[in-house]
Amino acid sequence: MKTGEFTFTMIKPTAVRLGKLVPILHEINLAGFNVVAMKMTRLSRLQAEKFYEIHNDKPFFEDLVSFMSSGPVLAAVLRKENAVSEFRKLIGNTNPQNAEEGTIRKKFAISVQENAIHGSDSDENALKESCFFFSQFEIFPH
Ligand code: UDP
Ligand code: MG
């Protein structure tokens with residue numbers, strides 16, 4: 001898969017618990033993304049700390065790690081042209097109060113922490129995050 005053509009996403013525990021998995025995947029599908037890898041899994045505290053390590057100096061870090069390891073998540077690699085920026089547009093602002101109308105976070109987030117979904121912020125992180133969850137044999141570009 002070429003750099004720029006894919007991004008990594010994770011549907012967060014609250015959204016899964018509230019039954020929003022399929023509705024969110026439907027939005028992703030309507031926006032023209034193809035799923036090339038997918039798994040439902042649960043992060044340990046250690047894995048959540050590692051995944052969010054760039055935020056380990058932030059005041060919200062401990063709560064974020066507890067939240068992200070509190071239940072199952074859906075992890076996926078998505079393919080589309082300009083995937084990273086297109087997907088960030090689709091999910092909207094980190095804080096649902098500032099998220100644009102029609103975005104996934106506007107529709108499904110319940111707070112800035114429990115904001116329904118993750119999206120990579122750069123091509124470099126899309127690769128890093130995809131490799132954090134999937135081996136090369138679990139990614140099926142088509
Ligand atoms: N977060 C939080 N409080 C904040 C900012 C962020 O709990 O004040 C959480 C939220 O779940 C967010 C994640 O930390 O999605 C990562 O933050 P980032 O700034 O990278 O936002 P994102 O890239 O997810 O929009
Ligand atoms: Mg981020």
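It should be noted that the structure appears before, not after, this text.
Student: Would you mind showing me how to read the sheet that holds strand β2 (residues 34-41) here?
Tutor: For sheets, the rule is that strands pair by backbone hydrogen bonds, running either parallel or antiparallel. Spatially, the four strands line up as an open sheet ordered β2-β3-β1-β4, and their pairing is antiparallel. Taken across any chain shown, the strands that pair with only one partner, and hence form the sheet edges, are β2 and β4 (117-119). Each adjacent strand pair in this sheet contributes to an overall mean axis angle of 15°, direction not counted. When strand β1 (residues 6-11) meets β4, the two strands line up antiparallel, connected through three bridges. Across the sheet, I11 pairs through a bridge with I117, a residue of β4.

Student: Explanation requested: the environment of N29 in the structure shown.
Tutor: Topologically, N29 is positioned in helix α2 (residues 21-30). In this structure N29 comes out as partly exposed when scored by relative accessible area, which is 48%. As for N29 and L78, which are separated by 49 residues in sequence, their C-alpha atoms are 9.8 Å apart.

Student: Honestly, the pattern of salt bridges in this entry has me stumped. Any pointers?
Tutor: Tallied over the full model, the rule gives nine salt bridges. Between K50 and E53 there is a salt bridge, with its nearest N and O atoms 3.3 Å apart. Owing to a relative accessible area of 47%, K50 belongs among the partly exposed residues under this scheme. Looking at E53, the relative accessible area reads 38%, which means it is partly exposed. Salt bridges linked by common partners bring K2, E5 and R79 together as one network.

Definitions and limits used
Residues numbered from 1 in each chain as written. Chains lettered and ligands numbered in written order. Predicted model: local features only at pLDDT ≥ 70, side-chain atom pairs only at ≥ 80, totals over all residues. Heavy atoms only, no water. Pairing = 2+ DSSP bridges. Helix = DSSP H or I, 4+ residues; strand = E, 2+ residues; numbered from the N terminus. Axes fitted to C-alpha atoms, helices over the stretch in contact; angles between N-to-C directions. Buried < 20%, exposed > 50% of the residue type's maximum accessible area, 1.4 Å probe, protein only. Salt bridge = Lys/Arg side-chain N within 4 Å of Asp/Glu carboxyl O.

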